[in-house]
Amino acid sequence: GESVGLHLPTLSVQEGDNSIINCAYSNSASDYFIWYKQESGKGPQFIIDIRSNMDKRQGQRVTVLLNKTVKHLSLQIAATQPGDSAVYFCAEKIYNQGGKLIFGQGTELSVKP
Amino acid sequence: ETGVTQSPTHLIKTRGQQVTLRCSSQSGHNTVSWYQQALGQGPQFIFQYYREEENGRGNFPPRFSGLQFPNYSSELNVNALELDDSALYLCASSSVDSGNTIYFGEGSWLTVV
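Here is a short report on the structure shown in this document. Just so you know, the residues in each chain are numbered from 1, in the order the chain's sequence is written. Throughout, the order in which chains and ligands are written sets their labels, letters from A for the former and numbers from 1 for the latter. pLDDT decides what is reported in this predicted model: residues at 70 or higher carry local features, side-chain atom pairs at 80 or more are listed and counted, and totals for whole chains, interfaces and linings draw on all residues regardless. Water and hydrogen atoms were dropped before computing side-chain values, which therefore reflect all heavy atoms in the structure.

## Describing the overall build of chain B
A run of H or I in DSSP counts as a helix once it spans at least four residues, and a run of E counts as a strand once it spans at least two, with each numbered from the N terminus. Assigned secondary structure in chain B consists of 0 helices and 11 strands. Along its sequence from the N terminus, chain B presents helices and strands in the succession β-β-β-β-β-β-β-β-β-β-β. For this measure, only C-alpha atoms enter the radius of gyration; the expected value for a globule follows 2.2 Å times N^0.38, where N is the number of residues. Rg of the C-alpha trace for chain B: 13 Å, near the compact-globule value of 13 Å for 113 residues, within the 12% margin. Categorising residues by exposure relies on relative accessible area from a 1.4 Å probe, with only protein chains included: less than 20% of the type maximum marks a residue as buried, more than 50% marks it as exposed, and the intermediate range marks it as partly exposed. Taking all 113 residues of chain B together, the buried fraction comes to 49%. Contact definition: two residues touch when any of their heavy atoms are within 4.5 Å. Sequence separation of at least 24 residues holds for 52% of the intrachain contacts in chain B that already meet a minimum separation of 6. Approximately 5,500 Å² of chain B is accessible, and the part contributed by carbon and sulfur atoms is 48%. Only four residue types enter the charge count, namely Lys and Arg as positive and Asp and Glu as negative; His and the chain termini do not. Note on charges: their place is set at NZ of Lys, CZ of Arg, CG of Asp or CD of Glu. Between the averaged position of the 6 positive side-chain charges in chain B and that of its 10 negative side-chain charges there is a distance of 8 Å. Per-residue accessibility takes into account occlusion by the displayed protein chains alone, with areas from the Shrake-Rupley method and a 1.4 Å probe.

Right under this line is the structure:
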């Protein structure tokens, strides 16, 4: 069935360390991937995206890596801060299925001061 | 802020009732999609509207319906509410001009009792 899964439901890191959140996707036809951050009681906040013709994309303190061979996506957060604590979702968009995003269950990132 | 606004933010309904949720998309965004997010889960695609027409639907029964207006704002209607409809309902908007990046609102929390 539809699935964009995450390897770990929770991740705890020390403030200042780098965080890596992983995601496995199942549909080879997916051509666009997005990472969202969701804080408690709020809607998903766009972090970074990547298209299937790329394998790496960098933003401010974040990097997304895409490995299409093994259908794996990761989000790297540099110098993690307490404000980064949230649930992180990866989502995939399948070519020719319009705006439909398929989300995984999320990884909860907890940053210890 | 994403520029996507939803109302109401919270509401409580009784089983069997009907509910209408509203969304104003980000300025210039002509595509609106709706998602249902149950507690502890990732968002699930309900449907998408483009130029006032539904052009994609997820695995939701017909009692979930929607509208998009000429100003691109949108409504989600749910009839014959069931207890399992209790969830956070998210609206997202996008457009080709914005690179198809999908931005979410803060959601409407619906509790069915």
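Let us keep going from here.
## Structural notes on the interface of chain A and chain B
Taken together, the contact pairs 19 residues of chain A with 19 residues of chain B. Interface of chain A and chain B: buried area, both sides summed, is about 1,500 Å²; carbon and sulfur atoms make up 51% of it. Counted as salt bridges are all cases of a side-chain nitrogen of Lys or Arg within 4 Å of a carboxyl oxygen of Asp or Glu. Viewed at the interface, chain B and chain A are joined by 0 salt bridges. For the purposes of these results, a polar contact is taken to be a pair of N or O atoms within 3.5 Å, where, inside protein, one atom must be able to donate a hydrogen and its partner to accept one; residues adjacent in sequence count only when each atom of the pair is a side-chain atom. For the interface between chain A and chain B, the tally reads 4 residue pairs in polar contact (both at pLDDT 80 or more). Residues are sorted three ways: Asp, Glu, Lys and Arg are charged, Ala, Val, Leu, Ile, Met, Phe, Trp, Tyr, Cys and Pro are nonpolar, and all the rest, Gly among them, are polar. Class assignment for the residues of the side of chain A that touches chain B results in 7 nonpolar, 7 polar and 5 charged. By buried area we mean the combined loss of accessible area, with a 1.4 Å probe, across both parts when two parts are placed together.

## As for the state of the cysteines
Residues and elements named next belong to chain A. Any two cysteine sulfur atoms within 2.5 Å of one another count as a disulfide. Tallied over the entire structure, the rule returns 2 disulfides over all chains. Put simply, Cys23 and Cys90 are joined by a disulfide, and their sulfur atoms are 1.8 Å apart. The chirality of the disulfide connecting Cys23 with Cys90 is right-handed, given an S-S dihedral of about 55°. Linking Cys23 in strand β3 (residues 19-25) with Cys90 in strand β9 (residues 86-94), this pair joins segments that are 67 residues apart in sequence. We note that Cys23, like Cys90, is buried.

All we've got here are geometric facts, nothing functional implied.
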